[in-house]
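# Observations on chain architecture
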Amino acid sequence: MHSKILITGASGLIGAEVLKKLGKDCEIFVADRTITASKRQGNITYLPLDLSKSELCFDMPDNLDCVLHLAQSEKFRDFPASAIEVFNVNTYSTLLLLDHARRSGVKKFVYASSGGI
């Protein structure tokens, strides 16, 4: 079965391993803060998305089966100086992604993070 999956945090500890394990029969969308325009490599489409911003300026791909929200702020050690960015990535973006997934009819939402937070 062909699955469409959105992954945040794909360059992190958990996300990188998950990305390696997903099969070629999946259509994968990776939200990435380091790119400026969408790009496709094989079965993976990279989408520009910076979760540290207070608004997610992003169109979720149509007909997603699952969202794997694995992102955490890279500034989690710089607390409280980076408290707003840490909150936006680790908490607020989760709320926005959950709401967007609900409105888009996504059936599965997985949230996980490393022990760093």
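Remember, predicted model here, so these are calculated numbers, not experimental data.

Quick look at the sheet that holds strand S1 (residues 3-8) now. Read across the open sheet, the six strands follow the order S3-S4-S2-S1-S5-S6; overall the sheet is mixed. Sheet topology places strand S3 (39-41) and strand S6 (108-111) at the edges, where each strand pairs with a single neighbour. Each adjacent strand pair in this sheet contributes to an overall mean axis angle of 20°, direction not counted. With four bridges joining them, strand S5 (residues 66-69) and S6 adopt parallel strand pairing. The partner of leucine 68 across the bridge, within S6, is valine 110.

Its place among the elements puts serine 73 in the loop between S5 and helix H2 (83-104). A relative accessible area of 1% means that serine 73 is categorised as buried. When neighbours within four sequence positions are excluded, serine 73 is seen to be in contact with Glu85, Val86, Val89 and Asn90.

Turning our eyes to something else, we now look at the packing of aromatic side chains. Following the criterion strictly, the structure yields one aromatic pair and no others. Between phenylalanine 87 and tyrosine 92 the ring centres are 6.4 Å apart and the planes differ by 20°, which places this aromatic pair in the stacked class. The ring centre of tyrosine 46 lies 5.6 Å from the NZ or CZ of lysine 39, which sits over that ring.

Our focus in this paragraph is the pattern of salt bridges. Opposite charge on two side chains permits them to pair, given that their charged atoms come into close proximity. This model, assessed by the stated rule, comprises five salt bridges. A salt bridge links glutamate 85 to lysine 75; its shortest N-O distance comes to 3.7 Å. You can see glutamate 85 sitting in helix H2 and its partner lysine 75 sitting in the loop between S5 and H2, a full ten residues away along the chain. Residues aspartate 99 and arginine 103 are paired through a salt bridge, measuring 3.0 Å at the closest nitrogen-oxygen approach. One end of the pair is aspartate 99 and the other is arginine 103, both in helix H2 and four residues apart, which spans about a single turn. In the salt-bridge network here, residues are joined through shared partners; they are Asp99, Arg102 and Arg103.

What counts as what
Residues numbered from 1 in each chain as written. Predicted model: local features only at pLDDT ≥ 70, side-chain atom pairs only at ≥ 80, totals over all residues. Heavy atoms only, no water. Pairing = 2+ DSSP bridges. Helix = DSSP H or I, 4+ residues; strand = E, 2+ residues; numbered from the N terminus. Axes fitted to C-alpha atoms, helices over the stretch in contact; angles between N-to-C directions. Buried < 20%, exposed > 50% of the residue type's maximum accessible area, 1.4 Å probe, protein only. Contact = heavy atoms within 4.5 Å. Phe/Tyr/Trp six-rings, centres within 6.5 Å; stacked < 30°, edge-to-face > 60°. Lys NZ or Arg CZ within 6 Å of the ring centre and 35° of its normal. Salt bridge = Lys/Arg side-chain N within 4 Å of Asp/Glu carboxyl O.

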